[in-house]
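Close look at the chain arrangement
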Amino acid sequence: MRKSIHEIPPYKEKFWTIPNVLSLYRLIMFPVILYFLLKEEQKIFVTLLIINLITDILDGFIARNFNQRTLIGAKLDSWADIGSYLLAFGGVFQFEWNYVLEHKIGFGIFIFLYLASVSLVIIKFGNLLGLHLYSAKITGYLQGIFLVFLLSSVYMEWLFYVMIIVGCISKIEEIIIILKLKAKRSDVKGLYWVLKNNL
């Protein structure tokens, strides 16, 4: 049975692990990708954003399967995720503004729930936790696929609605978990495990 991140002994709390380096890469690349966004270099922006999304998948996979999960890594990953979110939606607003206007209700609801979850966790715990919900991972994959298609001018309406519905459900689950948590926790997987383990 895989141990919770909070059961990892202190000597395993190493900083220079492959997942942490990949998260650091995403943080360092934020201003670089932002530069190309502001310069309206769409092809370079999309390419670098795809690399960011791939490193996000890799760092989680390596951390889980090679026992390299750390508390600092969870926080780095959460901050890097926020950076990637800002860049991705910045790209949508910059290059696909008309699409945003046509789907403003869906985008608006998701952004509201996203900001609510981030604000709530910071107000309650003073920092991001790196909850790593399964629903958030699924949402991330759907959003990554959708945004790559959209920024490449490939429009898939059904994928937009699937992404928004799954994303909103994930954020509602996250908000409920944050409200229920009694103390700072990372890697909680989902509401089922929070209730089961009385976290």
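Structure shown above.
Let me sum up the structure you'll find in this document. (Residues numbered from 1 in each chain as written. Predicted model: local features only at pLDDT ≥ 70, side-chain atom pairs only at ≥ 80, totals over all residues. Heavy atoms only, no water.)

1. Re the pattern of salt bridges
Should the charged atoms of two oppositely charged side chains come close, the side chains can pair. Counted only if it meets this: One speaks of a salt bridge when a side-chain nitrogen belonging to Lys or Arg is within 4 Å of a carboxyl oxygen belonging to Asp or Glu. For helices the rule is a DSSP run of H or I covering at least 4 residues; for strands it is a run of E covering at least 2, with both sets numbered from the N terminus onward. Each residue is assigned to one of three classes by its accessible area relative to the maximum for its type, calculated with a 1.4 Å probe on protein chains only: buried under 20%, partly exposed between the two thresholds, exposed over 50%.
Counting across every chain of the model gives 5 salt bridges. Here Asp56 and Arg26 are joined by a salt bridge, their closest N and O atoms 3.3 Å apart. Placement of Asp56 in helix H2 (residues 42-65) and of Arg26 in helix H1 (residues 18-38) is noted, with a sequence separation of 30 residues between them. The exposure class of Asp56 is partly exposed, given its relative accessible area of 26%. Between Glu174 and Lys171 there is a salt bridge, and its shortest N-O distance comes to 3.3 Å.

2. Topic: a nonpolar patch on the surface
Note the following rule: Exposure above 30% relative accessible area and no salt bridge define the residues that can form patches, which grow by joining like charges within 9 Å and nonpolar side chains of Val, Leu, Ile, Met, Phe, Trp and Tyr within 5 Å. Computed by Shrake-Rupley with a 1.4 Å probe, the accessible areas treat only the displayed protein chains as cover when residues are assessed.
On the surface, Phe15, Trp16, Val21 and Ile72 cluster together into a nonpolar patch covering about 390 Å² of accessible area. Tracing the backbone shows Ile72 in helix H3 (residues 71-95).

3. Some remarks on the packing of H2 against helix H6 (residues 134-151)
Under the convention used in this document: Working convention: axes come from line fits to C-alpha atoms, limited for helices to the stretch in contact. Angles between N-to-C directions cover 0 to 180 degrees. Should an angle fall under 35 degrees it is called roughly parallel, over 145 degrees roughly antiparallel, and 65 to 115 degrees roughly perpendicular, with every other angle called oblique. Crossings are assigned a handedness: left-handed for a near helix turned anticlockwise from the far helix by less than a right angle, right-handed for a clockwise turn. Contacts were defined at the residue level, with two residues in contact if any of their heavy atoms lie within 4.5 Å. Gly counts as polar in this scheme, as do all residues outside two lists: the nonpolar Ala, Val, Leu, Ile, Met, Phe, Trp, Tyr, Cys and Pro, and the charged Asp, Glu, Lys and Arg.
The interhelical angle for the contact between H2 and H6, taken along N-to-C directions, is 160°, at an axis separation of 10 Å. In terms of their interaxial angle, H2 and H6 are classed as roughly antiparallel. Between H2 and H6 the crossing geometry is left-handed. Judged by residue contacts, Gln42, Phe45, Val46, Leu49, Ile50, Leu53, Ile57 and Arg64 of H2 engage Lys137, Tyr141, Gly144, Val148 and Leu151 from H6. Residues that form the contact of H2 with H6 fall into these classes: 9 nonpolar, 2 polar and 2 charged.

4. Topic: unusual backbone geometry
Phi is positive for Glu40, close to 60°, though the residue is something other than glycine. With respect to the helices and strands, the residue Glu40 is situated in the loop between H1 and H2.

5. A word on the packing of aromatic side chains
Cut-off, in case you're wondering: What counts as a ring pair is set by centres within 6.5 Å for rings of Phe, Tyr and Trp (its six-membered ring), and what kind of pair is set by the plane angle: stacked under 30 degrees, edge-to-face over 60, tilted for all other angles.
Under the definition given, this model contains 18 aromatic pairs. For the pair Tyr85 and Phe89, a centre-to-centre distance of 6.2 Å together with 5° between the ring planes defines the contact as stacked. A residue pair is termed a helical-turn pair when its members lie 3 or 4 positions apart in one helix, as Tyr85 and Phe89 do in helix H3 at 4 residues. Of the two residues, Tyr85 and Phe89, neither departs from the other in class, the shared state being buried. Their ring planes at 20° and their centres at 5.9 Å tell us that Tyr99 and Tyr155 sit as a pair that is stacked. With Tyr99 in helix H4 (residues 97-102) and Tyr155 in the loop between H6 and helix H7 (157-180), this residue pair connects regions lying 56 residues apart in the sequence.

6. Looking at the packing of helix H5 (residues 104-125) against H7
Any two packed helices are characterised by the angle at which their axes cross and by the distance between the axes. At their nearest, the axes of H5 and H7 sit 9 Å apart, and the two run at 20° to each other. Between H5 and H7, the angle is such that the two are roughly parallel. Our pair here, H5 against H7, has a crossing hand that is left-handed. Every residue of H7 that contacts H5 at Gly106, Phe107, Ile109, Phe110, Leu113, Tyr114, Ala116, Ser117, Leu120, Val121, Lys124 and Phe125 is listed here: Phe160, Ile164, Gly167, Cys168, Lys171, Ile172, Glu174, Ile175, Ile178, Leu179 and Lys180.

7. Looking at the environment of Ile33
Residue position: Ile33 is located in helix H1. For Ile33, a relative accessible area of 0% gives the class buried. Sequence separation between Ile33 and Leu49 is 16 residues, and the spatial gap between their C-alpha atoms is 7.2 Å. Residues within four places of Ile33 in sequence aside, it is in contact with Phe45, Leu48, Leu49, Asn52 and Leu87.

8. Brief notes about the side chain of Ser135
Summarising the element assignment, Ser135 is placed in helix H6. On the basis of relative accessible area, Ser135 is assigned to the buried category, the value being 17%. Aside from chain neighbours lying at most four places away, what touches Ser135 is Ser170 and Glu173.

9. Some words on the environment of Lys104
When you line up the elements, Lys104 lands in helix H5. For the pair Lys104 and Phe61, spaced 43 residues apart in the sequence, the C-alpha separation amounts to 34 Å.

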